[in-house]
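Reading the structure
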Amino acid sequence: WTYEVDGAKIRYLAAGETATETFDVTIADGHGGTATQALTATVTGENDPVEILWATTDPLTQVVLRTQDQGAVLEDNEPSLWLRSTVGTIYFADADVIDLHSIAVVKTSSSLRNTGSLLGNPGGEIIIADGDLMESAGALGAVRWTYQVDNQWIRYLNAGETATETFDLMIDDGMGSIKTVPI
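Attention in this report is confined to the structure presented alongside it.

Definitions and cut-offs
- Residues numbered from 1 in each chain as written.
- Predicted model: local features only at pLDDT ≥ 70, side-chain atom pairs only at ≥ 80, totals over all residues.
- Heavy atoms only, no water.
- 1 Å grid on protein atoms, 1.4 Å probe; cavity = no way out; pocket = protein on both sides within 12 Å on 5 of 7 lines; lining within 4 Å.
- Points joined across faces, edges and corners; volume = space filled by probe spheres on them.
- Helix = DSSP H or I, 4+ residues; strand = E, 2+ residues; numbered from the N terminus.
- Nonpolar A, V, L, I, M, F, W, Y, C, P; charged D, E, K, R; others polar.
- Salt bridge = Lys/Arg side-chain N within 4 Å of Asp/Glu carboxyl O.
- Buried < 20%, exposed > 50% of the residue type's maximum accessible area, 1.4 Å probe, protein only.
- Contact = heavy atoms within 4.5 Å.
- Polar contact = N/O pair within 3.5 Å; in protein donor to acceptor, adjacent residues only side chain to side chain.
- Pairing = 2+ DSSP bridges.
- Axes fitted to C-alpha atoms, helices over the stretch in contact; angles between N-to-C directions.

**Some words on the layout of surface pockets**
Unoccupied space between atoms shows up once a probe the size of one water molecule is rolled over them. Computed from the structure, the largest pocket encloses a volume of approximately 550 Å³. Together, 26 residues line the largest pocket, and G71, A72, V73, A163 and T164 are the ones closest to its centre. For the lining of the largest pocket, the secondary structure elements donating two or more residues are β10 (141-150) and β11 (165-172). Per-class residue counts for the lining of the largest pocket are 14 nonpolar, eight polar and four charged.

**Observations regarding the pattern of salt bridges**
Evaluation of the coordinates by the stated rule reveals three salt bridges. Across the salt bridge formed by R11 and E51, the nearest N and O atoms sit 2.8 Å from each other. Residue R11 is located in the loop between α1 (7-10) and β1 (18-28), and its partner E51 is located in strand β3 (residues 51-52); the two are separated by 40 residues in the primary sequence. Take R11: its relative accessible area is 35%, and that puts it in the partly exposed class. The class for E51 is partly exposed, based on a relative accessible area of 34%. When salt bridges that share partners are traced, they join R11, D48 and E51 into one network.

**Notes on the environment of R84**
In this structure, R84 sits in strand β6 (residues 83-93). Take R84: its relative accessible area is 24%, and that puts it in the partly exposed class. For the pair R84 and N114, spaced 30 residues apart in sequence, the C-alpha to C-alpha distance is 18 Å. Dropping the residues within four chain positions of it, R84 is found in contact with V73, L74, D76, Y147, Q148, V149, N151 and I154. Of note is the side chain of R84, whose polar atom sits 2.8 Å from the backbone oxygen of L74.

**Quick notes on the sheet that holds strand β7 (residues 102-110)**
Taking strand neighbours across the sheet as the criterion, the three strands line up as β7-β11-β12 in an open arrangement whose pairing is antiparallel. Two strands in the sheet have a free side with no partner beyond their single neighbour: β7 and β12 (178-182). Adjacent strand axes in the sheet meet at a mean angle of 20° when their direction is disregarded. As paired strands, β11 and β12 are joined by five bridges and run antiparallel to one another. From the neighbouring strand, D168 faces β12, where its bridge partner is P182.

**Some remarks on the side chain of S177**
Note on placement: S177 falls in the loop between β11 and β12. Judged by relative accessible area, S177 falls into the buried class, the value being 10%. Among the polar contacts made by the side chain of S177, one reaches the main-chain amide nitrogen of V50 at a distance of 2.9 Å. Setting aside residues no more than four positions away along its own chain, S177 makes contact with N47, D48, P49, V50, I171 and D172.

Just distances and angles here, no functional claims.
Right, dumping it as structure tokens:
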């Protein structure tokens, strides 16, 4: 006998998670005798990768959501220590409904003057606060990020001059799939 199932119907199974289906098969001998046997098929799930959703529709509101992987701040001419910030959201999906995701952020580059030196400009940072990772079983996931930099570290920029900092935001499903998004 052969058992076939539509992969889309079992994609929710996480790595090692199983689902079974049992079928009763009856065989007749043609002389009034029958025999019934239960046949059980077990499907074992594999880890599905985290997917970044560059544009998706919220299933509840039908609003189109777009991943924001860029932001900008403006230097302020006031000689203050005010923080400058911008925010964005990365949308993701994971077919494995029991996976719990974690987030890590690493700065990969900076063109701000004197960044990286012991006494120099520390540059900005990406902050993922408590509550900024939003997910629910079988639904859309989102990570809200905030970039902030102390105004004193960007005040040297002249009108029209820009500096860029790049970060890798990594979404880990805890089962071996890590998706990296440059911000």
